[in-house]
Amino acid sequence: MKRLIAYTTTRDMTAKLDPHRDDEGTAFVKLARYILRRAPGLRAITYDTALRGAHRAPLIADGLVVFTTQHGGLAPESLQRFEDGSCRHDLYVAEGRVCKRLITDDGATHYTPLPVEELERRESKRTRFYHRLTIPCQVKNHTLRIRVDETPEDREIDPSTKRQRFNRTEHLRQIPPDTHAGRRLKGFRQDSESQHSRFDQSYPHKRVPAYRANAALLIYIGYAWLSNSVARAKITRTLAG
Ligand SMILES: [Zn+2]
């Protein structure tokens, strides 16, 4: 007789077993907007890679600076050709920011990030954000502004691909992750991230051995209970000492 072993994680729980479930990013957007309505002074939010451009876009339009680590595996995309007098510069988006494409003498393509001088914020019905950029050039240094919030034109459907024209908030980040500011903001992610990581690592293959969603949930609650108990015991001992 075959013995079936089901391994599941929270992400594997099906909608049928857990009808109230949202994907993590959607749930986060709802939660962030709930907080923003009650705390309108909120200006910035940090989270992890679960947030993609589609999730960041509405929060950015609400006026927030949204920092998350960048999702890997995004191919560079052509953004626009910048023209000024006799100058032509082909601009691309790569690694979350605007880059100048250069072809090296051995024919390789190289994307050089353009310096972001300022993240500008302009209030309107939907808040707009811009990168004020410099294009270093032998003729003269050029400056330009590029929107880093989603525009109505971005949302139009391209008839040839049947997809949104440009997923701007996926490719262009208000704070590019691989920068000094980005590395600092990464440290502001919620402490529960390290708990999630420890939880994953405490099982072989980073999988929780459980049959179905309810059983998995029981393990998660048990883990949270244990974790909180350890924290409580340590704090109690510290206060007593
Ligand atoms: Zn130039």
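Residues numbered from 1 in each chain as written. Predicted model: local features only at pLDDT ≥ 70, side-chain atom pairs only at ≥ 80, totals over all residues. Heavy atoms only, no water.

A. Focus on the packing of aromatic side chains. All told, the structure shown has five aromatic pairs when counted by the stated rule. Between the aromatic rings of Phe199 and Tyr203, the centroid separation amounts to 5.7 Å while the plane-to-plane angle is 80 degrees, which identifies the pairing as edge-to-face. We classify Tyr203 as partly exposed; its relative accessible area is 22%. Look at Phe199 and Tyr223: their rings are 4.6 Å apart centre to centre, the planes differ by 55 degrees, and that puts the pair in the tilted class. In this pair, Phe199 is assigned in helix H6 (residues 192-201) and Tyr223 in helix H7 (residues 212-240), connecting sequence segments 24 residues apart. Relative accessible area serves as the criterion here: at 9%, Phe199 is assigned to the buried category. Assessed through its relative accessible area of 18%, Tyr223 is described here as buried. Here the guanidinium or amino end of Arg38 rests over the ring plane of Tyr34, the centre of that ring lying 3.7 Å away. Directly above the ring of Tyr130 sits Arg122, whose terminal nitrogen or CZ lies 4.2 Å from the centroid. (Phe/Tyr/Trp six-rings, centres within 6.5 Å; stacked < 30°, edge-to-face > 60°. Buried < 20%, exposed > 50% of the residue type's maximum accessible area, 1.4 Å probe, protein only. Helix = DSSP H or I, 4+ residues; strand = E, 2+ residues; numbered from the N terminus. Lys NZ or Arg CZ within 6 Å of the ring centre and 35° of its normal.)

B. Looking closely at helix H1 (residues 24-38). Compared with an ideal rise of 1.5 Å per residue, which puts 15 residues at 21 Å, H1 spans 22 Å between its outermost C-alpha atoms and is within 8% of the ideal. All of the buried residues along H1 are Gly25, Phe28, Val29, Ala32 and Leu36. The buried side chains of H1 occupy one side of the element, clustering within an arc of 100 degrees when seen end-on. Projecting away from the buried face of H1 at angles above 90 degrees are the exposed residues Lys30, Arg37 and Arg38. (Expected span 1.5 Å × (residues − 1). Arc of directions from axis to C-beta.)

C. Layout of the domain arrangement of the protein. Here the protein is partitioned into domain 1 (7-42 + 191-240) and domain 2 (72-172). Using C-alpha coordinates to define each centre, domain 1 is positioned 37 Å away from domain 2. (Domains from an automatic or database assignment.)

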